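Architecture and fold: a report
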Amino acid sequence: MWRNIYSIKWTEVNGYLVIKAGYAGEQFMLQPFGPDQGVEAVLEEMAAYMAAQNIPFMLRGVEKFMVDMIEKWRPGYFNVISDRDNFDYVYNTKDLIELKGRKYHSKKNHINSFRRNYSGHQYLPLTLEWTANCIANQIEWCQKKGCDDDPTLRGESDAIIEVLNHWNELKLTGGLITINGKVEAFTFGEQLNSDTAVIHVEKANPDIRGIYPVINQMFCKNAWQHLAYINREEDMGLEGLRKAKESYYPAKMIEKFVVTVK
């Protein structure tokens, strides 16, 4: 979904998936995806490719286990910088569904307000027949948030619409809320591993109080209650998004690092 805004290219090297990307004039690679054994040879090829292309060696989105492997590969050769803006927020699924305790008091107030004011709402799975309605909701969201004046928001919107236009091929899981038949919120994600789902997108009419906590709670309850954790991805350093994600009290954070040559 991000292939255009990040100019994503990919290849296979020795059974590993290698991804190159770029943003705001900066080119970089992600950590290689594959088994632990043999990663040094793949890193060598990645470094050689970047040198041949005259691109400074840079890996982004690197997890701690990969930092350790890179240090073992070339000890003391790299700068490793913590990238807080891209830490993943991981929650207990049960917490997001039940919202138990005083710390979730304001969430429950918003949800109760929504249910009182919008008795005609309905939660439904996001299926192919609803994708056009979700695209219309996304376009409305963009008009309200000024996507035409913000390249980042425009790129995100294009990525979301790309997913919705290829819904069957991508095989994601989604949910939506209608009010009197009109889609006012939608979300989608996928199972990441044996115990965790990852939520890629959550969008809703910003003028409707309580709709965000409702779509979050309902999606977790209907799609993911059989899993232990929900990964709601990063906050990108946006103050409002960080505050919102912290307000759900993550069980853990997945650290990410940027690796460059000293």
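Look a little higher up for the structure.
These remarks concern the structure in this document. If you're wondering where the values come from, they're calculated on a predicted model, not measured in any experiment. (Residues numbered from 1 in each chain as written. Predicted model: local features only at pLDDT ≥ 70, side-chain atom pairs only at ≥ 80, totals over all residues. Heavy atoms only, no water.)

**Description of the state of the cysteines**
Throughout the structure, instances matching the rule amount to one disulfide. Each disulfide pairs two cysteine sulfurs, and for Cys142 the partner residue is Cys147, the sulfurs being separated by 2.1 Å. Taking the sign of the S-S torsion, -75° for the link of Cys142 and Cys147, the bridge is left-handed. Summarising the burial analysis for this pair, Cys142 and Cys147 share the class buried. In this structure Cys134 is not part of a disulfide, and its nearest cysteine sulfur, from Cys142, lies 14 Å away. Free cysteine Cys220: the closest other cysteine sulfur is in Cys134, separated by 17 Å. (Disulfide = S-S within 2.5 Å. Buried < 20%, exposed > 50% of the residue type's maximum accessible area, 1.4 Å probe, protein only.)

**A short note on the packing of helix H1 (residues 39-52) against helix H2 (residues 64-73)**
At a minimum axis separation of 10 Å, H1 and H2 run at an interaxial angle of 80°. In terms of orientation, H1 and H2 fall into the roughly perpendicular class. When H1 is examined against H2, the residues Val39, Glu40, Leu43, Glu44 and Ala47 are found in contact with a partner set consisting of Met66, Met69, Ile70 and Trp73. Here the contact of H1 with H2 is composed, by residue class, of seven nonpolar, no polar and two charged. (Axes fitted to C-alpha atoms, helices over the stretch in contact; angles between N-to-C directions. Helix = DSSP H or I, 4+ residues; strand = E, 2+ residues; numbered from the N terminus. Parallel < 35°, antiparallel > 145°, perpendicular 65-115°, else oblique. Contact = heavy atoms within 4.5 Å. Nonpolar A, V, L, I, M, F, W, Y, C, P; charged D, E, K, R; others polar.)

**As for the nonpolar core**
Phe114, Ile177, Ile211, Trp224 and Ile230 are the most contacted members of the largest nonpolar core, which has 27 residues in total. Listing elements by their share of this core, those giving two or more residues are strand E6 (88-92), helix H3 (93-98), helix H4 (105-117), strand E8 (173-179), strand E10 (196-204) and helix H8 (211-223). Ranked by the residues each element gives to this core, the list is headed by H8, at seven residues. Each residue touching Ile230, except ones within four places of it in the same chain, is listed here: Tyr89, Val90, Tyr91, Thr93, Leu96, Ala197, Ile199, Cys220 and Trp224. Among the nonpolar cores identified, the runner-up in size contains 22 residues, and Met46, Met50, Val67 and Ile70 belong to it. (Core = buried A, V, L, I, M, F, W, Y, C linked by side-chain atoms within 4.5 Å.)

**Notes on the sheet that holds strand E2 (residues 16-23)**
Paired through their backbone hydrogen bonds, the strands of a sheet run either parallel or antiparallel. Taken in spatial order, the six strands make up an open sheet running E1-E2-E3-E4-E13-E5, and their pairing is mixed. Looking at the sheet topology across the chains shown, the edges are occupied by strand E1 (9-13) and strand E5 (78-82). Neighbour-to-neighbour, the strand axes of the sheet open up by a mean angle of 25°, direction not taken into account. Across five bridges, E1 lies against E2 in antiparallel orientation. What sits directly across from Thr11, in E2, is Val18. (Pairing = 2+ DSSP bridges.)

Everything listed is a geometric property; what it means functionally is a separate question.
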